[in-house]
Amino acid sequence: MSDRESHAQQFDEWGKLAESGSFEAAYEALESAVGLLERGGMPLTDMTTCYELGIRLSKRCALLLREAELKITQLDQSFQDDAESLAAATTPALFDLNG
């Protein structure tokens, strides 16, 4: 398989990861794209395609990180709300001096 065919196959895989890949897979592909660009030696069209895919993979990673951050924020808020509700429900009973 020639380098060009190898790149085309790799680029197809990266395109799929940029659309629906996991964070880990997209990040690994992004690192590979950066390495390929740093090594150089590819035709300009392949370099341009590789760069474009790198941008798309970077956006995929950023989206997945934002989604994870939002989920963590929501979980934290839910935990705080539950803790406050529990505290409000139990505190008066603990300190009710009227018996």
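See the structure printed just above.
Positions within a chain are numbered from 1, following the residues in the order the chain's sequence is written. Local features in a predicted model are, by the rule used here, given only for residues with pLDDT of at least 70; side-chain atom pairs are given and counted only at 80 or more, and totals for whole chains, interfaces and linings are based on all residues. Water and hydrogen atoms were dropped before computing side-chain values, which therefore reflect all heavy atoms in the structure.

Which residues make up helix H1 (residues 3–20), and what values go with them?
Helical segments are the DSSP runs of H or I of at least four residues, strand segments are the runs of E of at least two, and each set is numbered from the N terminus. Multiplying 1.5 Å by the residue count of a helix minus one yields the expected span of that helix. In this model H1 runs 26 Å from its N-terminal to its C-terminal C-alpha over 18 residues, within 8% of the 26 Å that 1.5 Å per residue would give. For H1, the full list of buried residues reads His7, Phe11, Trp14, Gly15, Leu17 and Ala18. Projected down its long axis, H1 carries its buried residues within an arc of 165°, all on one side. In this structure, H1 carries Gln9, Asp12, Lys16, Glu19 and Ser20 as exposed residues pointing more than 90 degrees from its buried face. Classification of residues uses two cut-offs on accessible area relative to the type maximum, computed with a 1.4 Å probe and protein chains only: under 20% is buried, over 50% is exposed, and between them is partly exposed. Taking the helix axis as origin, the arc is that swept by the directions to the C-beta atoms.

So what's going on with the packing of H1 against helix H2 (residues 23–39)? Residues and values would help.
Contact pair H1 / H2: the axes reach a minimum separation of 10 Å and the direction vectors enclose 145°. Crossing of H1 over H2 shows left-handed handedness. Mapping the contact onto sequence places His7, Gln10, Phe11, Trp14 and Leu17 in H1 and Ala25, Ala26, Ala29, Ser32, Ala33 and Leu36 in H2. Only Asp, Glu, Lys and Arg are considered charged, only Ala, Val, Leu, Ile, Met, Phe, Trp, Tyr, Cys and Pro nonpolar, and every remaining residue, Gly among them, polar. Classifying every residue of the contact of H1 with H2 by side-chain character gives eight nonpolar, three polar and no charged. For every element, the axis is a line fit to its C-alpha atoms; helices are fit only across the contacting stretch, and the angle between N-to-C directions ranges from 0 to 180 degrees. For any pair of crossing helices, the crossing counts as left-handed if the nearer helix is rotated counterclockwise from the farther one by less than a right angle, and right-handed if it is rotated clockwise. Any two residues having at least one pair of non-hydrogen atoms within 4.5 Å are treated as being in contact.

Pulling in residues and values, what's your account of H2?
Given a rise of 1.5 Å per residue, 17 residues ought to cover 24 Å, and the 24 Å separating the end C-alpha atoms of H2 matches this to within 8%. What H2 keeps buried is the set Ala26, Ala29, Leu30, Ala33, Gly35 and Leu36.

Before we move on, could you go through the side chain of Arg60 and cite the residues and values that matter?
Residue placement: Arg60 occurs in helix H3 (residues 44–94). Of the side chains with opposite charge, Glu67 lies nearest to the buried Arg60, which makes no salt bridge, at 6.0 Å. In protein, a polar contact means a hydrogen-donor-capable atom and an acceptor-capable atom, both N or O and within 3.5 Å, with residues adjacent in sequence counting only if both atoms are side-chain atoms; elsewhere, any N or O pair within 3.5 Å suffices. Within the structure, Arg60 has its side chain in polar contact with the backbone oxygen of Gly21 (distance 2.9 Å). Setting aside its immediate chain neighbours within four residues, Arg60 contacts Leu17, Ala18, Glu19, Ser20, Gly21 and Ala26. In this tally, Asp and Glu contribute negative charge and Lys and Arg positive charge; neither His nor the terminal groups of the chain are included. For this analysis, a salt bridge means a side-chain nitrogen from Lys or Arg found within 4 Å of a carboxyl oxygen belonging to Asp or Glu.

Go over the side chain of His7, please, and point to the residues and values.
Considering the arrangement of structural elements, one finds His7 in helix H1. You can call His7 buried: its relative accessible area is 11%. Those residues within four positions of His7 in sequence are excluded, and the remaining contacts are Leu36, Met42 and Asp46.

I'd like a description of the environment of Glu28, backed by residues and values.
Relative to the elements of secondary structure, Glu28 occurs in helix H2. With a relative accessible area of 55%, Glu28 lands in the exposed category.

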